[in-house]
Amino acid sequence: IYQWDIAAGASPAVESPVPGNGWLTTDGSVYLHRVNPWAGPGPRLTGLDARTGETLWYEELESGRRTVYDHSGRYYGFGTTTGNVVLVDQITGSYRQFRPGGTIEGLSFSGDDTRLAIRHSTGSVSIWDTTTFEPKGTLPRPFEIRRIGGLSLSHHGRYMAALTGSGILLYRVATGERLGTLDTY
């Protein structure tokens, strides 16, 4: 894995000594290396110094899927098939795990990172406060919609858009009221 300093030219500034599945934090200081998350329980997540390759931290985390990043770029989260959501601080390796239940199909942060929309395998969407990890409400799956695809919360988490095979559904999060549908055809 090479890290380029674009301003310095075309030669690599740093070569990470650890190959594999990984990414750099937004400030470029930490390389996150993740063992294949589909290889079974307990994939390792290791934070390495991006310049030296020195291990900064190491965690055994449940297999995750549908990774999402907050807007600050510091935290990322993923849902699991056993109903857990894990939010990881990419710099320190500390994490919070909570259990909204059911298989987690997708996640979306609000623009101000105070809310997290969680799409469940049942088709419902729950909204959680990211500072208290308390639920703020649930939007039931409309009976005519088989599957909700992508989610997007408005900046302060007041509105949500859900991509479906029937179009984009718009909701008021506080009441669960469906405001309308945008046809995508």
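Residues numbered from 1 in each chain as written. Predicted model: local features only at pLDDT ≥ 70, side-chain atom pairs only at ≥ 80, totals over all residues. Heavy atoms only, no water.

Asks: Please give an account of the overall build of the protein that cites residues and values.
Replies: Along its length, the protein carries zero helices and 18 strands. The proportion of buried residues among the 185 residues of the protein is 41%. In the protein, the proportion of contacts linking residues at least 24 apart, taken out of those at least 6 apart, comes to 29%. (Helix = DSSP H or I, 4+ residues; strand = E, 2+ residues; numbered from the N terminus. Buried < 20%, exposed > 50% of the residue type's maximum accessible area, 1.4 Å probe, protein only. Contact = heavy atoms within 4.5 Å.)

Asks: Lay out the confidence of the model for the protein in plain terms, naming residues and giving numbers.
Replies: Per-residue confidence for the protein gives a mean pLDDT of 75, with 74% of residues at or over 70. Mean pLDDT across the elements of the protein ranges from a minimum in strand β1 (residues 2-4), with 46, to a maximum in strand β13 (residues 125-129), with 88. A low-confidence stretch, residues 1-6 stays under pLDDT 50, and its non-local contacts, those more than four residues away or across chains, total 21 contacts. Predicted confidence for residues 10-14 stays below pLDDT 50, and this span has 13 contacts to residues more than four positions away or in other chains. (pLDDT = per-residue confidence, 0-100.)

Asks: So what about the sheet that holds β13? Which residues, and what values?
Replies: One open sheet accounts for four strands, arranged β11-β12-β13-β14; its pairing is antiparallel. Every other strand in the sheet has two partners, leaving β11 (104-109) and β14 (135-139) as the edge strands with one partner each. Adjacent strand axes in the sheet meet at a mean angle of 20 degrees when their direction is disregarded. Examined bridge by bridge, β13 and β14 share four bridges and lie antiparallel to one another. Opposite Ile127, over in β14, you have Gly137 as the bridge partner. (Pairing = 2+ DSSP bridges. Axes fitted to C-alpha atoms, helices over the stretch in contact; angles between N-to-C directions.)

Asks: Give a description of the pairing of β13 that names residues and reports values.
Replies: Burial within β13 is extensive, with five of its five residues counted as buried. Residues Val125, Ile127 and Asp129 of β13 are buried on one face, and the alternating residues Ser126 and Trp128, pointing to the opposite face, are buried as well. Sheet analysis places strand β12 (residues 115-120) next to β13, joined by five bridges and oriented antiparallel. Within β13, the residue paired with Ile118 across the bridge is Ser126. If you look at the hairpin formed by β12 and β13, you'll find four residues sitting between the two strands, and Gly123 has a positive phi there, around 100 degrees. Between β13 and β14, which pair antiparallel one after the other, the connecting turn spans five residues, and Phe133 there sits at a positive phi close to 55 degrees.

Asks: A description of the pairing of strand β10 (residues 95-98) should follow, citing residues and the corresponding values.
Replies: Two strands pair when backbone bridges link them, and strand β9 (residues 85-89) and β10 are joined in this way by four bridges, in the antiparallel orientation. Counted as the bridge partner of Val88 is Tyr95 from β10. The hairpin formed by β9 and β10 contains five residues between the paired strands, and Gly93 there has a positive phi angle of roughly 85 degrees.

Asks: I'd like a rundown of the packing of aromatic side chains, residues and numbers included.
Replies: For the structure shown, the criterion picks out two aromatic pairs. Considering the side-chain rings of Phe98 and Trp128, the 4.9 Å spacing of their centres and the 45 degrees angle between planes classify their relative orientation as tilted. Of this pair, Phe98 sits in strand β10 while Trp128 sits in strand β13; the two residues are 30 residues apart in sequence, bridging distant segments of the chain. For Phe98, a relative accessible area of 10% puts it in the buried group. Ring geometry for Phe98 and Phe133: centres 5.1 Å apart, planes at 55 degrees, overall tilted. With a gap of 35 residues between them, Phe98 in strand β10 and Phe133 in the loop between β13 and β14 connect regions that are remote in the sequence. Both residues of the pair, Phe98 and Phe133, belong to the buried class. Three or more aromatic residues joined by ring pairs form one cluster here, namely Phe98, Trp128 and Phe133. (Phe/Tyr/Trp six-rings, centres within 6.5 Å; stacked < 30°, edge-to-face > 60°.)

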